Amino acid sequence: MHGSHFLQIRDLQVSYGGSVALRGVSLKVPKGRTVGIIGPNGAGKSTLLAAVAGGVSVLGGTVHFDGRDLTGAKAETIASWGVSLVPEGRHSFGSMTVEENLLVGGYLRYSGTALRNAMETQLQNFPRLRERFRQPAGKLSGGEQQMLVIARALMTQPRLLLLDEPSLGLAPKIVDEVYAILAELRSSLGLTIIVNEQTSRRILQFADQVHVLREGEFRLSSPTSQISSEELASAYFGHQHGHDEKAELI
Ligand SMILES: Nc1ncnc2c1ncn2[C@@H]1O[C@H](COP(=O)(O)OP(=O)(O)OP(=O)(O)O)[C@@H](O)[C@H]1O
C-alpha cells in the first residue's frame, strides 16, 4: 500500500499522438472520500478518469488503488479490482431494455440468483428504473438514462466510482435527484468517488475536496469548505474573467 491512501495517482501523463492531455497530475484520495474535478471543455477531465479505469494508455506516472498498481492494467482487470467508470454521455445500450442493461453490467461478476439479487438492489436504489424495467433504454428520459448507467456501474459493487459529468444536459431538478441518490449510496456503501463536472455548484455541495483542472494540470486543490469563488474562477479561467463567466461557473 502506498501511504494510507486508497487511491494514489502520481505524476500522471497522457497524450494522444503528439497532443498532451495530462501533464503530470497527482492526486491522493482517502477511502470513503469524494473528490470533485472541475475544468473547462478539453481540460483533461475525461482523460484522467479513463487513465484510472484503464481506458487510455499512460505515458508516465502511476496509479495505485487499494494496494494494487493499476498502471497499464487492462480495463476489465481494473474493473474486477473494484473500480467502475460511468462515462460521459450516458451510453446505455439503447435497444436493450433496462433489465438487459443491468444484467450486462453484472454478468462478468455474478450469475443466476446472485445476478438477480444485484439487479434487485439497483432497482431499490433507483425506483424509477423499476417503472421502466421492460422498456428499451433508448426510450428513457435523460435523467433515467443517467440513473441507468450509474446503476449499471454499481452492478459490480465497485469501491471506487468514477463519474464523468453526470449532470451534463440534464434539467437542474433531475440533477438534484441524481446527486441525492448518489449521496445516499455513498454513505450506505462507503463508496469512494471521483466526479467530474464543468461547473462548480454541485461539486461544492457534494465533494470533500475540489481540484481545478485546466490544460492538463491541476491549478488549484482545496477542501470544498475552504474555497472562495474568486480563487476558483481564477484557477478555472486562468485569466481575468468577467462577471458573467464567473456566474456560470459558480
Ligand atoms: N481520443 C482522443 N484522441 C485525440 N485527442 C483526444 C482524445 N480524447 C481527448 N483528446 C484531447 O485531449 C484533451 C483532453 O480531453 P478530455 O476529453 O480529457 O477533456 P475534458 O476535460 O473531459 O473535456 P470535456 O468536458 O469536453 O469532456 C483535449 O484537448 C481533447 O481534444
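Everything here concerns the structure above.
Anyway, here's the lowdown on the structure attached to this text. (Residues numbered from 1 in each chain as written. Predicted model: local features only at pLDDT ≥ 70, side-chain atom pairs only at ≥ 80, totals over all residues. Heavy atoms only, no water.)

## Here's the deal with the sheet that holds strand β10 (residues 217-223)
Here we have six strands laid out as an open sheet, ordered β6-β7-β8-β3-β9-β10, and mixed in their pairing. Each end of this open sheet is capped by a strand with a single partner; those strands are β6 (83-86) and β10. With strand direction ignored, the average angle separating the axes of adjacent strands in the sheet is 15 degrees. When strand β3 (residues 34-38) meets strand β9 (residues 209-214), the two strands line up parallel, connected through four bridges. (Pairing = 2+ DSSP bridges. Helix = DSSP H or I, 4+ residues; strand = E, 2+ residues; numbered from the N terminus. Axes fitted to C-alpha atoms, helices over the stretch in contact; angles between N-to-C directions.)

## What to know about the environment of F133
Along the chain, the position of F133 falls in the loop between α5 (127-131) and α6 (142-154). On the accessibility criterion, F133 (15% relative accessible area) is buried. Along the primary structure F133 and N101 are separated by 32 residues, whereas in three dimensions their C-alpha atoms are 9.8 Å apart. With residues up to four places along the chain from it excluded, the contact list for F133 reads T97, V98, E99, M119 and L123. (Buried < 20%, exposed > 50% of the residue type's maximum accessible area, 1.4 Å probe, protein only. Contact = heavy atoms within 4.5 Å.)

## As for helix α1 (residues 45-53)
Burial analysis of α1 places eight of its nine residues in the buried class, the great majority of the element. Within α1 the residues assigned to the buried category are K45, T47, L48, L49, A50, A51, V52 and A53. Within two residues after α1, G54 carries a phi angle of roughly 85 degrees, on the positive side.

## As for the pairing of strand β2 (residues 19-29)
Bridge analysis of strand β1 (residues 7-16) against β2 gives eight bridges, and the strand direction is antiparallel. Paired with L7 across the bridge in β2 is V29. Counting the residues that bridge the hairpin from β1 to β2 gives two residues, and of these G17 lies at a positive phi of roughly 60 degrees.

## Let's talk about the site of the ligand
Around the ligand sit 13 residues in total, of which N41, G42, S46, T47 and E165 are the nearest. Here an oxygen atom of the ligand sits 2.7 Å away from a polar atom, N or O, in the side chain of S46. Between the ligand and E165, the relevant distance is 2.7 Å, taken from an oxygen atom to a side-chain nitrogen or oxygen of the residue. For the ligand, whose unbound accessible area comes to 630 Å², protein coverage reaches 60%. With three residues, the single largest contributor to the shell around the ligand is α1. (Near = heavy atom within 4 Å. Polar contact = N/O pair within 3.5 Å; in protein donor to acceptor, adjacent residues only side chain to side chain. Areas by Shrake-Rupley, 256 points an atom, 1.4 Å probe, with all protein chains shown as cover.)

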